[in-house]
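# Chains, contacts and geometry: an overview
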Amino acid sequence: MSDTYTLYNSTVMDHFMNPRNMGDLKDADGIGEVGAAACGDIMKISLKIKDGKIEDARFKTFGCGSAIASSSMATELIKGRTVEEAMSFSNQEVVSALGGLPPVKIHCSVLAEEALKAALEDYQKKHPLLHTASRTPQLQPMAV
Amino acid sequence: MRHVFLDHQSTTPVLPEVFEAMRPYFTEVFGNPSSLHQHGLRVRDAIAKARSQFATLINAESVDDILFVSGGTEAVNLAVKGVAYANQRKGNHIVVSETEHPAVLSSVEFLEKHGFTTSKVKVNPVGWSDPADVRAAITEKTTLICVHYANHDIGTIQSIQEIGKIATEKGIPFFVDAVASAGWLPIDVQTMGISLLSLTPHRFYGPKGVGVLYRNRRARLVGVQHGGVQEGGRRAGTENVPAIIGGGLAAEIAMREMPTRIAHTAMLQKRLWEGLKKTIPYIKLNGPEPGPQRISTNLNLSTEFIEGEGQLLLCDMNGIAVASGSSCVSKSLKISHVLAAIGLDHALAQGNIIMTLGKDNTEEEVDYVVESFQKIVQKLRGMSPMWDEFEKGIIDSVIKPTGRGKSFSEHAAAVSGKAAH
């Protein structure tokens, strides 16, 4: 075989083979771990947040190639965003930044969105006073 | 890069001499065997030879018991539906093992929608169906028993001869799906009490596009594909002549070389499993240990704390072709029904990899696979939150429990808010 054929496009394969931001953050301000009931994959995203801005992000994933690539891409995309901006993050961003995913793998990008939002929720739980204003409706209101 | 093909259960390359034997039937000897002139008659003779080559492979009583179809799936569909419909006046009940190939299970499900009923025979933790359970499942209305020979997924060899005895005693047709074993296990349909058997030569170095249904004359069968009167009126459609010719030769060679092929793959199977077991912690072999209960070509593994598709992709990027029964690999997002049937923990089913050996694999290749696979597992465990949480004592291993932490499944259910199926 002279050519290499791949199951996913070259961007997805690159993020799977050379994942960005893989690992944990020791002094993370927010950690989210979520599982996909559909397939059993598990994704964990850790965030470092300073002055309402995501300074750093890391992921760990138990899942297929596209789940690993989705979490790698999601962490790349959200670095530098404010918490408020990150709250409206959508899996569609991951899908388009990856240049598309097979239809059966779209749920992997949803898992990345959920892991990120779980990490943001965790951050808000830990820092309730910093975030009284803008909150997306699907999140649990904090106790004041 | 090195290329190691370890997916012989999916298919095998066509032997050069088989390819050469097929070649004239595309161009010069192009006749339709149904034609009554020289072109047709010549091809008809060649097909008769292939029929006898296949009959010899399984020791069929008569060459007329060999029906050519388009592949393993069609052979199975014809066997299951053809026997069920032919015996509809006698009964409507089918006994089937729960680890049959989807070709069998889906055919049976189709029949269930059309008034037939089924009893699924359970398997033990290594995937073996107890013949006593087959006997117990038989009712007055049973018109067909379906139990495969070797499992396509975990390589378990079923007790065909014993089930054959029960079927003969009860006078019920016994269909054996041998697609995953023909050419790799000796088959004698007469002494094993088999009435119908499916196989395809592309699993033993013959071409794709042809399958064989053996059916002895005592088993009534109606055609399910209608048209011309090829194959004694039981399978309409012009024969795939080159594939039949090539398949016949592949069967003849498989018959001759079977002892060598079995001995070679059994040696590699042992070497591969021993090597993996020694270098990778928390790895499990699904199905029976290598030996008389397992086909010599198959290893079905679960590597804990990581998922199967990632392993498959990294193997592929290292030139190693393998398969997986993980939910991430299936289009339905479900783990292999065989792994579910043996009661394998969902987390282990997620980490599933299937390696199937062939006659051309070498010891050197096996050693390369062991070395590469160890690195692949290490890389993926480094990325897995489960491995990390296991090391921290938050979750426990299923393969070798430490007694610390909760089970992976409990953990997965907690983080997903729902148990994985």
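See the structure printed just above.
Structural notes, computed from the coordinates. (Residues numbered from 1 in each chain as written. Chains lettered and ligands numbered in written order. Predicted model: local features only at pLDDT ≥ 70, side-chain atom pairs only at ≥ 80, totals over all residues. Heavy atoms only, no water.)

### Re the packing of helix α3 (residues 72-86) of chain B against helix α4 (residues 102-112) of chain B
Residues and elements named next belong to chain B. Relative orientation of the contacting elements α3 and α4 amounts to 35 degrees, with a least axis distance of 9 Å. For the element pair α3 and α4, the recorded crossing hand is right-handed. In this structure, α3 uses T73, V76, N77, V80, K81, A84 and Y85 to contact α4, whose residues at the interface are A103, V104, S107, V108, F110 and L111. Taken together, the residues of the contact of α3 with α4 sort by class into nine nonpolar, three polar and one charged. (Axes fitted to C-alpha atoms, helices over the stretch in contact; angles between N-to-C directions. Helix = DSSP H or I, 4+ residues; strand = E, 2+ residues; numbered from the N terminus. Left-handed = near helix turned anticlockwise from the far one by under 90°. Contact = heavy atoms within 4.5 Å. Nonpolar A, V, L, I, M, F, W, Y, C, P; charged D, E, K, R; others polar.)

### Concerning the interface of chain A and chain B
Chain A puts 34 residues into the contact, and the matching count from chain B is 34 residues. When chain A packs against chain B, close to 2,600 Å² is buried across both sides, 67% of that on carbon and sulfur atoms. Between chain A and chain B we count two salt bridges in total. In this structure, E309 of chain B engages K105 of chain A in a salt bridge whose closest nitrogen and oxygen atoms are separated by 3.0 Å. Inspection of the region where chain A meets chain B yields twelve residue pairs in polar contact (both at pLDDT 80 or more). Among the elements of the structure, α1 (10-17), β1 (30-35), β2 (42-50), β3 (53-62) and α2 (65-78) of chain A are those that each provide at least two residues to the side of chain A that touches chain B. (Buried area = accessible area lost by both parts, 1.4 Å probe. Salt bridge = Lys/Arg side-chain N within 4 Å of Asp/Glu carboxyl O. Polar contact = N/O pair within 3.5 Å; in protein donor to acceptor, adjacent residues only side chain to side chain.)

### A few points about the packing of α1 of chain A against α2 of chain A
Residue and element names in this part refer to chain A. Interhelical geometry of α1 versus α2 gives an angle of 85 degrees and a closest axis separation of 8 Å. With respect to each other, α1 and α2 are oriented roughly perpendicular. Between α1 and α2, the contacting residues are T11, V12, H15 and F16 on the first element and G65, S66, I68, A69, S72, M73 and E76 on the second. (Parallel < 35°, antiparallel > 145°, perpendicular 65-115°, else oblique.)

### What to know about the pattern of salt bridges
A side chain with one charge may pair with a side chain of the opposite charge, provided their charged atoms come close. Per the counting criterion, the structure on display carries 27 salt bridges over all chains. Salt-bridge contacts for E169 of chain B lead to R135 of chain B; the nearest nitrogen and oxygen are separated by 3.0 Å. Of the two residues, E169 of chain B is situated in helix α6 (residues 160-170) and R135 of chain B in helix α5 (residues 131-137); the sequence distance between them amounts to 34 residues. A relative accessible area of 54% means that E169 of chain B is categorised as exposed. The salt bridge involving E363 of chain B is made with R271 of chain B; its shortest N-O contact spans 2.9 Å. A residue pair is termed long-range when its members are at least 10 positions apart, and E363 of chain B in helix α11 (residues 363-383) and R271 of chain B in helix α7 (residues 241-279) qualify at 92 residues. Within the structure, one salt-bridge network assembled from shared partners comprises D24, K44 and K60 of chain A together with D388 and K392 of chain B. (Buried < 20%, exposed > 50% of the residue type's maximum accessible area, 1.4 Å probe, protein only.)

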